[in-house]
Amino acid sequence: MKVISYNLRKNRAVTEIAALAEDHEIDVLCLQEAEAVALPAELGELRLVHATERNRLGLAMYVRADRFETRSAHTFQLKKSLHDRLLAPAHERLLGARLHDRATSQDLVVASFHAAPLTALNSLRRHQIHAALGELRALGPGLPALMVGDYNYPVFKGRLDTEMRDHGYELSLSDKRTYTRYKMFRGHFDFATSMGLDIESVSTLGRGLSDHLPILISAGLSAERAPVAA
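A brief look at the structure comes next. Just so you know, these numbers come straight off a predicted model, no measurement behind them. (Residues numbered from 1 in each chain as written. Predicted model: local features only at pLDDT ≥ 70, side-chain atom pairs only at ≥ 80, totals over all residues. Heavy atoms only, no water.)

Relative to each other, helix H3 (residues 122-139) and helix H4 (residues 157-166) sit at 25 degrees, their axes nearing to 11 Å. Considered as vectors, H3 and H4 are oriented roughly parallel to each other. Here H3 runs over H4; the crossing is right-handed. Taken together, the residues of H4 that come into contact with H3 (itself represented by Arg126, Ile129, His130 and Leu133) are Arg159, Leu160, Glu163 and Met164. Among the residues forming the contact of H3 with H4, the class breakdown is four nonpolar, one polar and three charged. (Axes fitted to C-alpha atoms, helices over the stretch in contact; angles between N-to-C directions. Helix = DSSP H or I, 4+ residues; strand = E, 2+ residues; numbered from the N terminus. Parallel < 35°, antiparallel > 145°, perpendicular 65-115°, else oblique. Left-handed = near helix turned anticlockwise from the far one by under 90°. Contact = heavy atoms within 4.5 Å. Nonpolar A, V, L, I, M, F, W, Y, C, P; charged D, E, K, R; others polar.)

A few words on the pattern of salt bridges. The full count for this structure, using the stated rule, is 11 salt bridges. Across the salt bridge formed by Arg71 and Asp107, the nearest N and O atoms sit 3.4 Å from each other. Note that Arg71 is positioned in strand S6 (residues 68-76) and Asp107 in strand S8 (residues 106-114), a separation of 36 residues in sequence. For Asp107, a relative accessible area of 12% puts it in the buried group. Residues Arg159 and Glu163 are paired through a salt bridge, measuring 3.3 Å at the closest nitrogen-oxygen approach. Separated by four residues within a single helix, Arg159 and Glu163 lie in helix H4, roughly one turn from each other. Put simply, Asp27, Arg64, Arg67 and Asp101 are held in one network by salt bridges that share partners. (Salt bridge = Lys/Arg side-chain N within 4 Å of Asp/Glu carboxyl O. Buried < 20%, exposed > 50% of the residue type's maximum accessible area, 1.4 Å probe, protein only.)

This is the structure we're talking about:
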């Protein structure tokens, strides 16, 4: 399974998503800071399965229709930062979908996530991440899960990695930095959290119109979940 996550920077990079989907032959596209009303219903073989409704700049997910059947898709509110309370840029910071993979006859959960901005503390973002993973466990109890997006977590990722492992999840960074706009905040902002999946690679793609660089995740079922040949 190939997944791209991309923060569109206030929808500026929306014109690039069709080419990204086609060039990399992806199965799932997860977006942040997208204008839902401006998104096309289809991108080649991909179909828009859900998008946030209450956010001015929100989340969206496209899925390859000939491979996946969407069992359910939901958006979720997470604990708000002071920035969210004052400016109200985002009510929903998580979009999760339970998908049935026809290629493996396996259900799994995929999610697009956008953490609170850098004005918030890392402790709040960790709270949001844990809460988001809890929502995904409820969406698909015991299922393999992949959450990708803009974590806004450029420093002290060691603690987050430890906490993720303690809860049975793996934190995967891309091969190159994903945000370079401000010198003091350059680093890995966009990455993946997974359970029950083998993350084969996370690659940072070329720069476009956004201040974030898109990431491409290649993942497969972990050995204990992979179907066994007869």
